Amino acid sequence: MSMLSCVDKEITRYGSHVTITTDGVTVSSRAFVEPLRYRNKIYIGGEYRPLGMLRREKYLYVGRSTDKLRENSSVIESQGSKYIVKRCETYYVHDTPVYEWAILVACGDERDDDYD
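Residues numbered from 1 in each chain as written. Predicted model: local features only at pLDDT ≥ 70, side-chain atom pairs only at ≥ 80, totals over all residues. Heavy atoms only, no water.

A. Fine view of the overall build of the protein. Across its full length, the protein holds two helices and six strands. Expressed as a percentage of the 116 residues in the protein, the buried residues total 30%. Residue pairs in contact within the protein that sit at least 24 positions apart in sequence constitute 54% of those at least 6 positions apart. (Helix = DSSP H or I, 4+ residues; strand = E, 2+ residues; numbered from the N terminus. Buried < 20%, exposed > 50% of the residue type's maximum accessible area, 1.4 Å probe, protein only. Contact = heavy atoms within 4.5 Å.)

B. Representation of the environment of G108 in the model. Positionally, G108 belongs in the segment after β6 (96–106). Put simply, G108 and I84 are 24 residues apart on the chain and 9.3 Å apart in space, counted from C-alpha to C-alpha.

C. Seen up close, the packing of aromatic side chains. Going through the model one piece at a time under the given rule, you end up with two aromatic pairs. Seen from their ring centres, Y59 and Y83 are 4.8 Å apart, and the 55 degrees between their planes marks the pair as tilted. Placement of the pair is Y59 in strand β3 (residues 59–64) and Y83 in strand β5 (residues 81–93), with a sequence separation of 24 residues. A centroid spacing of 4.9 Å and a plane angle of 20 degrees characterise the contact between Y91 and Y99, whose relative ring orientation is stacked. Relative accessible area serves as the criterion here: at 39%, Y91 is assigned to the partly exposed category. (Phe/Tyr/Trp six-rings, centres within 6.5 Å; stacked < 30°, edge-to-face > 60°.)

D. Representation of the pattern of salt bridges within the structure. Applying the stated criterion across every chain yields a total of four salt bridges. A salt bridge links D23 to R70, with the shortest nitrogen-to-oxygen separation between them at 2.2 Å. Of this pair, D23 sits in the loop between β1 (16–22) and β2 (25–35) while R70 sits in the loop between β3 and β4 (75–78), and the two are 47 residues apart along the sequence. Given the relative accessible area of 55%, D23 is considered exposed. In this structure R70 comes out as partly exposed when scored by relative accessible area, which is 44%. Between E89 and R87 there is a salt bridge whose closest N-O contact spans 2.5 Å. (Salt bridge = Lys/Arg side-chain N within 4 Å of Asp/Glu carboxyl O.)

Now the structure itself:
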């Protein structure tokens, strides 16, 4: 079994149902969407937020390589919540795309980094 088919099979088996909308085109798929913890926020410049301040939560997306995402354009809907893609990349092994990963933020939240 190739690396691509193995990863794709596991995402399909264990991932949650997601809907990806990019430029008016909607695709149903499966992926993992989870909150980034403090240890992950160091990588993306996050920080703890004092109570009562603006929300800065970010989420990690890992999905099938066939589901291409676009930064600041693709919207992911999962478990009744909507997220916008802030950063995305395709992970490759030997020039073969294996999976897509992205940093997401919840749609509709006021975030101070959106106004920089």
